[in-house]
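A structural walkthrough
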Amino acid sequence: MKINTKLSALCIAATLMSVAQAAAAAPAVTAPAEATQPSVANPAAPAPTQVPAPAASASATTPAPAQAPSVPAASTPAAAAGSAKAASPVAPSAPAQRPSTSVVPAAAPIVPSTAKPSKPQQPSTSAPAAAANSVKPTQLDKLNHESAVPLVLEAQSRYQYAISGGSSVGESFQLNGKSYRYLSEDIGTKTKLISYLTQAYTKQASEQFVGKFFVEVNGRLAQLNADGGNLLEFSRATAKMVTMTPVKRSYLLTVPYPAQTKKANEKITVNFEKVGSYWKISSAPHVIF
């Protein structure tokens, strides 16, 4: 009877020990379960702030973000980090192209900038026009090596108009066995032709030219039925002053021939005289041209 009592007591003690061990083991299991739940919840909170969630979950402690780029613990985070690094240069390259395309709108301000200089160009072009109108070759009050050439060109134009018979070839006739033609109506008399020539020449130079090349028949001027002229290009001439007085001056003109003729330049002396307020050419037209 005593043996049975002792056995039952030992069984009860063993049972209590097993219950105590089970009770002790039960909180040990539940404690990690509860610890794991907050540990999962904590990475879930920073997950919205950091797009690469795998890198944050790989390390539960705070130093883990600093160790993530340096520790190649797992191949998957390393590949993610590499892909993130590869994607990061691509992102700046795309904006780099957008500013380059944004340069195109930048060209839009250039249009008004070009329009602004165009406005000053209008007065600038009108200013030379006004200067050209105020300084006509036939109204030249200041003579120098530059203004002498335009006056010579004006004189050449009037000479060629007169020597070619005017605006049209007039009626032809025979006189002393030679063929003559009348001048056009606008310069058809001696008075009209002298008035036309004295816009660029002195009266003496004009009369010398008319007396040598024209004849007066029944009050009308006529000339030999022939053409004249030369190849000299007075438009490319240069002038150098030789003598000067307050009312008389001489310039040496260097006049080239056309390049294809391969002729040397001509040196022609042209005399000028001040008549009233304006300078005129005192050399006869046929002496110059």
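Bear in mind that the values here come from a model prediction, so they are computed numbers and not experimental data. (Residues numbered from 1 in each chain as written. Predicted model: local features only at pLDDT ≥ 70, side-chain atom pairs only at ≥ 80, totals over all residues. Heavy atoms only, no water.)

This part is about the sheet that holds strand β4 (residues 220-224). Ordered in space as β1-β2-β4-β3, the four strands form an open sheet in which the pairing is antiparallel. Whereas interior strands pair on both sides, the edge strands pair on one side only; in this sheet they are β1 (172-175) and β3 (215-217). Mean inter-strand twist for the sheet, computed between neighbouring axes without regard to direction, equals 45°. As judged from the three bridges shared by strand β2 (residues 178-182) and β4, these two strands associate in the antiparallel manner. Within β4, the residue paired with tyrosine 180 across the bridge is leucine 224. (Pairing = 2+ DSSP bridges. Helix = DSSP H or I, 4+ residues; strand = E, 2+ residues; numbered from the N terminus. Axes fitted to C-alpha atoms, helices over the stretch in contact; angles between N-to-C directions.)

Under the definition given, this model contains nine aromatic pairs. Summarising the aromatic geometry, the rings of tyrosine 159 and phenylalanine 289 are spaced 5.6 Å apart at their centres and angled 25° between planes, so their arrangement reads as stacked. Here tyrosine 159, found in helix α6 (residues 148-163), pairs with phenylalanine 289, found in the segment after α9 (285-288); they are 130 residues apart in sequence, far enough to count as distant. Summarising the burial analysis for this pair, tyrosine 159 and phenylalanine 289 share the class buried. Relative to phenylalanine 213, the ring of phenylalanine 209 lies with its centre 5.4 Å away and its plane at 45°, an arrangement referred to as tilted. A residue pair is termed a helical-turn pair when its members lie 3 or 4 positions apart in one helix, as phenylalanine 209 and phenylalanine 213 do in helix α8 (residues 203-213) at four residues. For phenylalanine 213, a relative accessible area of 31% puts it in the partly exposed group. Through a chain of ring-to-ring contacts, the aromatic side chains of Tyr159, Phe209, Phe213, Phe214, Phe234 and Phe289 assemble into a single cluster. The cationic tip of lysine 212 hangs over the ring face of phenylalanine 213; the distance from NZ or CZ to the ring centre is 6.0 Å. A cation over an aromatic ring shows up here: arginine 220 above the ring of tyrosine 182, its NZ or CZ 4.0 Å from the ring centre. (Phe/Tyr/Trp six-rings, centres within 6.5 Å; stacked < 30°, edge-to-face > 60°. Buried < 20%, exposed > 50% of the residue type's maximum accessible area, 1.4 Å probe, protein only. Lys NZ or Arg CZ within 6 Å of the ring centre and 35° of its normal.)

On to the layout of surface pockets. Of the volumes computed, that of the second largest pocket is approximately 200 Å³. Residue lining of the second largest pocket: twelve residues in total, with Ile163, Lys212, Phe213, Gln223 and Leu224 positioned closest to the centre. Residues of the lining of the second largest pocket, tallied by class, amount to eight nonpolar, two polar and two charged. (1 Å grid on protein atoms, 1.4 Å probe; cavity = no way out; pocket = protein on both sides within 12 Å on 5 of 7 lines; lining within 4 Å. Points joined across faces, edges and corners; volume = space filled by probe spheres on them. Nonpolar A, V, L, I, M, F, W, Y, C, P; charged D, E, K, R; others polar.)

A positive phi angle, close to 55°, is found at asparagine 176, a residue other than glycine. Summarising the element assignment, asparagine 176 is placed in the loop between β1 and β2. Unlike most non-glycine residues, asparagine 218 shows phi in positive territory, near 55°. Examined against the element boundaries, asparagine 218 turns out to sit in the loop between β3 and β4. Exposure remark for asparagine 218: the relative accessible area of 75% places this residue in the exposed category.

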